[in-house]
Amino acid sequence: MYEETETQFIETDTLRFEVDVCGDPTSQRLALCLHGFPEHAYSWRYQLPLLAQLGYRVWAPNQRGYGRTMRPLGVASYTTDLLVDDVAALIDAADCKEVTLIGHDWGGVIAWAFALGRVRPLERLIVMNLPHPAKFMQGPRISRQTLRSFYAIFFQLPRLPEMLLTARGAFVVGEAFRAMAVDKSRFPDDVLDFYRRHALQPGVATAMLNWYRGLWRSRAFMRGLIEMPRIEIPSLMVWGEQDSALGVELTYGTEEHVADLTIRYLAHASHWVQQDAPDDVNAILEAWLTEKPVPGAERSAEQTRIPS
């Protein structure tokens, strides 16, 4: 009954957000879906109807600077601290009794930070293809991951990254999806065109890149990385193993930092896991959220031990 998705504008104490909304608007169970880079709320198009069927009021906002959400100027407007505050503002605006926070890629960074900071009570946490911050901090000591993460250093440069992202009709943006995807049929021309058109909107490329530039100005976030409390709420990680940006080894040992953790690996999915393998991801989500046996590959302690 509530499977249709519509776009609404939600006013909060921080910004005016463009939000894809699905599900019963009277439900007191909110599923808040945070997209990554260089994505859009559209990246959750396969998950919104499922979450609605499970009884959630589902919000997938275009986060600060994306889509038709407000786009403040300057790197200082894109610190991780402010991005976390945006999530709190959206939760307050929804005014629901239970909140399940779901993040992918940069949305996963914000979801982890939000849970670690205990900014608002959460019922559950779901993160896709973004490691726990404690594990990611170990990544640069692994030479292969250092190379994979080099683009984040390049993004600190002024103007040149914007030129790269928007050149030839934002060709690089579309190519990032199709080149990295395992099931390329999930990224036909119309999907790539959608993401390209989005990146070409005035100010969007700079706003997206400012998320990376603002990271090192995020005092509360950096302080949280030092304190790093254990996450106690039920948490799910879904990981596409064919991720060319983040190595699967960054997931190993996450259970040391999350008390109630479920991890599922999809061997034939990429970094864009929820778009690349939506049927598998939705099966995992449905089972975990309804407390049924969760499909997908697991790892034993021996398999997840990184050789010294």
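Quick summary incoming for the structure in this document. (Residues numbered from 1 in each chain as written. Predicted model: local features only at pLDDT ≥ 70, side-chain atom pairs only at ≥ 80, totals over all residues. Heavy atoms only, no water.)

**Looking at the side chain of Asp-276**
In this structure, Asp-276 sits in helix α11 (residues 273–276). Look at Asp-276: it is buried, it has no salt bridge, and the nearest opposite charge is Arg-186 at 6.4 Å. Setting aside its immediate chain neighbours within four residues, Asp-276 contacts Ala-181, Val-182, Asp-183, Arg-186, Phe-187, Ala-269 and Ser-270. (Helix = DSSP H or I, 4+ residues; strand = E, 2+ residues; numbered from the N terminus. Buried < 20%, exposed > 50% of the residue type's maximum accessible area, 1.4 Å probe, protein only. Lys, Arg positive; Asp, Glu negative; His and termini not counted. Salt bridge = Lys/Arg side-chain N within 4 Å of Asp/Glu carboxyl O. Contact = heavy atoms within 4.5 Å.)

**Regarding the pattern of salt bridges**
Per the stated rule, a full pass over the model turns up 12 salt bridges. Measuring nitrogen to oxygen at the nearest pair gives 3.1 Å for the salt bridge that ties Glu-11 to Arg-16. Across the pair Asp-92 and Arg-120 runs a salt bridge, and its minimum N-O distance is 2.8 Å. Residue Asp-92 is located in helix α2 (residues 80–94), and its partner Arg-120 is located in the loop between α3 (106–117) and β6 (124–128); the two are separated by 28 residues in the primary sequence. Residues joined by salt bridges that share partners form a network here, namely Asp-183, Arg-186 and Asp-279.

**Thoughts on the sheet that holds strand β7 (residues 235–242)**
Strands belonging to one sheet form pairs held by backbone hydrogen bonds; the direction of such a pair is parallel or antiparallel. The strand order across the open sheet built from 8 strands is β1-β2-β4-β3-β5-β6-β7-β8, with neighbouring strands paired in mixed fashion. Of all the strands in the sheet, just β1 (6–11) and β8 (261–270) have a single pairing partner and so form its edges. Direction aside, the axes of adjacent strands within the sheet are offset by 25° on average. Sheet topology note: the β7/β8 ladder contains 7 bridges and is parallel. From the neighbouring strand, Leu-236 faces β8, where its bridge partner is Thr-262. This element, helix α12 (residues 278–289), spans β5 (98–104), β6, β7 and β8 of the sheet and lies at about 165° to β6. (Pairing = 2+ DSSP bridges. Axes fitted to C-alpha atoms, helices over the stretch in contact; angles between N-to-C directions.)

**Considerations on the nonpolar core**
Here is a general trend for soluble globular proteins: nonpolar side chains tend to be buried in one another's company. The biggest cluster of nonpolar side chains holds 68 residues, and the ones touching the most others in it are Leu-32, Trp-59, Leu-101 and Trp-106. Among the elements that line this core, the one with the most residues is α3, at 9 residues. In this structure Leu-32 touches Trp-59, Pro-61, Val-87, Leu-90, Ile-91, Thr-100, Leu-101 and Ile-102, once residues within four positions along its chain are discounted. Ala-31, Cys-33, Leu-266 and Ala-287 belong to the second largest nonpolar core, which has 29 residues in total. (Core = buried A, V, L, I, M, F, W, Y, C linked by side-chain atoms within 4.5 Å.)

**As for the packing of helix α7 (residues 160–180) against helix α8 (residues 189–200)**
Viewed as axis vectors pointing N to C, α7 and α8 meet at an angle of 130°, and their least axial separation amounts to 8 Å. Here α7 is positioned oblique relative to α8, judged by the angle of their axes. Both α7 and α8 take part in a crossing whose hand is right-handed. Together, Thr-166, Gly-169, Ala-170, Phe-171, Val-173, Gly-174, Phe-177 and Arg-178 of α7 and Asp-189, Leu-192, Tyr-195, Arg-196, Ala-199 and Leu-200 of α8 make up the contact between the two elements. In the contact of α7 with α8, the residues fall into 8 nonpolar, 3 polar and 3 charged. (Parallel < 35°, antiparallel > 145°, perpendicular 65-115°, else oblique. Left-handed = near helix turned anticlockwise from the far one by under 90°. Nonpolar A, V, L, I, M, F, W, Y, C, P; charged D, E, K, R; others polar.)

Remember, this is a structural readout, not a statement about activity or role.
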